[in-house]
Amino acid sequence: MRASERLLKYAVIYTGSNEETAAQTPSTPEQFTLANVLADDMREIGLTDVSVDEHAYVYGFLPASEGKEHCPPIGLIAHLDIVNEFGGMEIRPQVISKYDGGEIALGTSGRTLDAQQFPNLKQAIGETVITTDGTTVLGADDKAGVAEILTMCERLIQENRPHGKICICFTPDEEIGHGAALLDL
């Protein structure tokens, strides 16, 4: 699966964190929904020892390929929550194929993105751009990171590329400053 497809799959799962309930982790039960989807996806692509703990931290491992067991392991981490300050729970991404460099209407929200306001958009001319429809956040911070990590692991496995041990963790509540609080190193 492509990283963009994974991002679209994960983005629509509402995972807003909540400062008002920050005494519990995760601060919202919806974060478990994505945590469990990620665990299933991790198992499906071939990661081992995949688990979701009682605080919605998701762990999994890609064992070292044969002959690379001596390599130091690396850890990859991303968070699964989104900010809770804008919009509702129904997230609607939109895909712009072959972006032409012009203004991007964010659905029918009346909001737009343009290269004057966001100069980095110029680098995306001719590419596919994924945005929100303007009624909620997209959640690409950091669901894009989650998608990239799992896509990389899947490619390493499918293409039989040599690698040392890779340790993966996806955390809840980063947006309210609690993402690493209960991380089991």
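Our subject in this report is the structure included herewith. What you see is a predicted model; the values in this text were computed from it and never measured.

### Some points on the sheet that holds strand β2 (residues 58–62)
Each strand in a sheet pairs with its neighbour through backbone hydrogen bonds, running either in the same direction (parallel) or in the opposite one (antiparallel). Pairing in this open sheet of four strands is mixed, and the strands run β1-β2-β8-β3 from one edge to the other. Strands with a single pairing partner mark the edges of an open sheet, and in this sheet they are β1 (48–52) and β3 (74–79). The mean angle between the axes of side-by-side strands here comes to 15°, regardless of whether they run parallel or antiparallel. Where β1 meets β2, three bridges bridge the pair, whose relative direction is antiparallel. In the sheet register, T48 faces β2, and the bridge partner there is F61.

### What about the packing of helix α1 (residues 3–11) against helix α3 (residues 140–158)?
Their axes nearest at 8 Å, the elements α1 and α3 cross at an angle of 135°. Put simply, α1 runs oblique to α3. Considering how the two elements wind past one another, α1 and α3 form a crossing that is right-handed. In this structure, α1 contributes A3, R6, L7, Y10 and A11 to the contact, and α3 contributes A140, K143, A144, V146, A147, E148, L150, T151 and E154. Here the contact of α1 with α3 is composed, by residue class, of nine nonpolar, one polar and four charged.

### Overview of the packing of aromatic side chains
Summed over all chains, the structure comprises one aromatic pair. Plain terms: the ring middles of Y57 and Y59 are 6.5 Å apart, the flat faces sit at 15° to each other, and that makes the pair stacked. This pair shows no difference in class: Y57 is buried, exactly as Y59 is.

### Digging into the packing of α1 against helix α2 (residues 30–45)
Across the interface, α1 lies against α2 with an axial gap of 11 Å and an inter-helix angle of 150°. As summarised for this structure, α1 and α2 are arranged roughly antiparallel, according to the angle between their axes. Contacts between α1 and α2 pair R6, K9 and Y10 from the former with L34, V37, L38, D41 and I45 from the latter. For the contact of α1 with α2, the residue count by class is five nonpolar, no polar and three charged.

### Section: the pairing of strand β8 (residues 166–171)
Side-chain direction in a regular strand flips from residue to residue, so the side chains alternate between the two faces of the sheet. Of all six residues in β8, five are buried, a share of seventy percent or more. Where β2 and β8 come together, five bridges link them in antiparallel fashion. Residue pairing for β8: L62 is matched across the bridge by I166. Across six bridges, β3 lies against β8 in parallel orientation. Bridging from a neighbouring strand, G75 pairs with C167 of β8.

### Topic: α2
Relative to the 22 Å expected for 16 residues at 1.5 Å per residue, α2 spans 24 Å between its end C-alpha atoms, a close match to the ideal helical length. Looking at α2, one finds that the buried residues are Q31, L34, A35, L38, A39, D41, M42 and I45. The buried side chains of α2 occupy one side of the element, clustering within an arc of 165° when seen end-on. For α2, the secondary structure elements touched by its buried residues are α1, β1, β2, α3 and β8. Two residues or fewer after α2 comes G46, characterised by a positive phi angle close to 115°.

### Topic: the nonpolar core
Residues L38, M42, L47, L150, I168 and F170 are the most contacted members of the largest nonpolar core, which totals 23 residues. Elements with a contribution of two residues or more to this core: α2, β2, α3 and β8. Looking at this core element by element, the count peaks at six residues for α2. Beyond its immediate sequence surroundings of up to four residues, M42 is in contact with L47, V50, V58, Y59, G60, L150, I168 and F170. Within the second largest apolar cluster, nine residues are counted, among which are I96, L106, A115 and L121.

About the thresholds
Residues numbered from 1 in each chain as written. Predicted model: local features only at pLDDT ≥ 70, side-chain atom pairs only at ≥ 80, totals over all residues. Heavy atoms only, no water. Pairing = 2+ DSSP bridges. Helix = DSSP H or I, 4+ residues; strand = E, 2+ residues; numbered from the N terminus. Axes fitted to C-alpha atoms, helices over the stretch in contact; angles between N-to-C directions. Parallel < 35°, antiparallel > 145°, perpendicular 65-115°, else oblique. Left-handed = near helix turned anticlockwise from the far one by under 90°. Contact = heavy atoms within 4.5 Å. Nonpolar A, V, L, I, M, F, W, Y, C, P; charged D, E, K, R; others polar. Phe/Tyr/Trp six-rings, centres within 6.5 Å; stacked < 30°, edge-to-face > 60°. Buried < 20%, exposed > 50% of the residue type's maximum accessible area, 1.4 Å probe, protein only. Expected span 1.5 Å × (residues − 1). Arc of directions from axis to C-beta. Core = buried A, V, L, I, M, F, W, Y, C linked by side-chain atoms within 4.5 Å.

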